[in-house]
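Coordinates in review
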Amino acid sequence: MTDFRTLDDAGPLQGKRVLLRVDLNVPMEAGRVTDATRIERVVPTIREISDQGGKVILLAHFGRPKGKPDPKDSLKPILATLSDKVGKPVAFGEDCVGEAAAKAVDALNDGDVLLLENTRYHAGEEKNDPDFTKALAANGDLYVNEAFSAAHRAHASTEGLARVLPAYAGRLMQAELDALTKGLESPARPVIAIVGGAKVSTKIDLLENLVAKVDMLVIGGGMANTFLHAQGKDVGKSLCEKDLAETAQRIMAAAKEKNCTIILPADALVAREFKANAENETVPVDAVPSDAMILDVGAASMATIDGAIDEARTLVWNGPLGAFELTPFDTGTVAVARHAAARTKAGQLVSVAGGGDTVAALNHAGVGEAFSYVSTAGGAFLEWLEGKELPGVEALRAKG
């Protein structure tokens, strides 16, 4: 973390107004939080600042109100859960700038916590407008970014504030940057990446970046069918982007040039229906029945992937290997995830995973807590894997 300024560099926080950008874009139903994971992850930083006597002023977005106040996108319903998780009352400001915000901030005592209303109620947020940034900055002495999941956006509260106030990474952001550095920037080698999911078209940049950075690349899920088709194999009625065969061939050629071994399924679990417990059979990938769909990797493929993981010292995972939401087509993802978790637990593997389906798949396998780091940041994690600079992260980079 020497490249980034963290809370350790911020000095005494007693009496300081700390603008803390968090991600509170949590699932809600009937006005109640249904999954508090994102809230729970920012609590340690909130408490650390509060315990030091800092005035914690939370900035966050919710939904897509398009620059205009909309009651359905208010952060107010999150207040009860937030207060409960933080372990103390959290005050609320009816706006994030202007008189309402200033009044709420002025009322804070040292150690108090305040949540300001949705930053996206103002068009200046997503435009990274300098005047809106200054209006936000007027309520703080320093800025802490704890929202890696929004760091791929150059918005006023994610990037702009870091340019006008002393800026630092919060503990969650710090943990994320540490994990990502260990994953691809300066990893222990050999490095293996597992990339799954439905479509190649959504992950072309990702695959092109990874073949230049990793030693082994496992391609699974519906994506693998496009690569098998590009090799001349008949994938039956499987999900397959046949128009991307040339792209797949280009990626395989680039991998060969970079000495990156691509691992595709050798066998597959196939079925005629896309539903749980559909009648199924395991076949070699060059013998897929014309009326069947590939829905998971087979036992031989699992053994090959496990063997590759055994050779690796670092694993980066994005996307499931099959239709993991349907039994028994979750078998491959669950088995490989558990193998990776066991290697991690034994101290033989650094395992970093992220992306929405990935988190769900690892939790389904019961190993979400067993990986070295699981990122809840979907888009930001993916853009980092693609090798793109994240504005919210770059703004925290130590100068000189």
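Above: the structure in question.
Okay, so let's go over this structure. Values in this document were obtained by computation on a predicted structure and should not be read as measured data.

The rules behind each value
- Residues numbered from 1 in each chain as written.
- Predicted model: local features only at pLDDT ≥ 70, side-chain atom pairs only at ≥ 80, totals over all residues.
- Heavy atoms only, no water.
- Core = buried A, V, L, I, M, F, W, Y, C linked by side-chain atoms within 4.5 Å.
- Buried < 20%, exposed > 50% of the residue type's maximum accessible area, 1.4 Å probe, protein only.
- Helix = DSSP H or I, 4+ residues; strand = E, 2+ residues; numbered from the N terminus.
- Domains from an automatic or database assignment.
- Contact = heavy atoms within 4.5 Å.
- Phe/Tyr/Trp six-rings, centres within 6.5 Å; stacked < 30°, edge-to-face > 60°.
- Lys NZ or Arg CZ within 6 Å of the ring centre and 35° of its normal.

Side note on the nonpolar core
In globular proteins that are soluble, nonpolar side chains generally tend to be buried together. Grouped together as the largest cluster of nonpolar side chains are 107 residues, with contacts concentrated most on Leu-82, Phe-148 and Leu-217. With six residues, the top contributor of residues to this core is helix 7 (residues 171–185). Of the residues that make up this core, three or more belong to each of domain 1 (7–172) and domain 2 (187–386). Other than its neighbours up to four places away in sequence, Leu-217 contacts Ala-193, Val-195, Leu-207, Leu-210, Val-211, Cys-260, Thr-261, Ile-262 and Ile-263. Counting 27 residues, the second-largest nonpolar core is a separate cluster that includes Met-216, Ile-263, Leu-315 and Ala-340.

Let's talk about the environment of Leu-390
Note that Leu-390 resides in the loop between helix 14 (378–385) and helix 15 (391–394). In this structure, the C-alpha to C-alpha distance between Leu-390 and Ala-150, residues 240 residues apart in sequence, is 9.1 Å. Look past the residues within four positions of Leu-390 in its chain and what remains in contact with it is Phe-148, Ala-151, His-152, Ala-380, Glu-383 and Trp-384.

A look at the environment of Arg-47
Here Arg-47 lies in helix 1 (residues 37–51). Between the C-alpha atoms of Arg-47 and Ala-254, which are 207 residues apart in sequence, the distance is 48 Å.

Some thoughts on the packing of aromatic side chains
On inspection of all chains with the given rule, the structure shows two aromatic pairs. Ring centres 6.2 Å apart and planes at 55° place the aromatic pair Trp-317 and Phe-371 in the tilted group. Separated by 54 residues along the polypeptide, Trp-317 in strand 15 (residues 314–318) and Phe-371 in the loop between helix 13 (356–364) and strand 17 (373–375) bring together distant segments of the chain. Where Phe-381 meets Trp-384, the ring centres are 5.9 Å apart and the plane angle is 45°; that geometry is what we call tilted. Within this pair, Phe-381 and its partner Trp-384 are both found in helix 14, separated by three residues, close to a single helical turn. Take Phe-381: its relative accessible area is 0%, and that puts it in the buried class. In this structure, Arg-41 is placed above the aromatic ring of Tyr-373, and the distance from its NZ or CZ to the ring centre is 5.7 Å.

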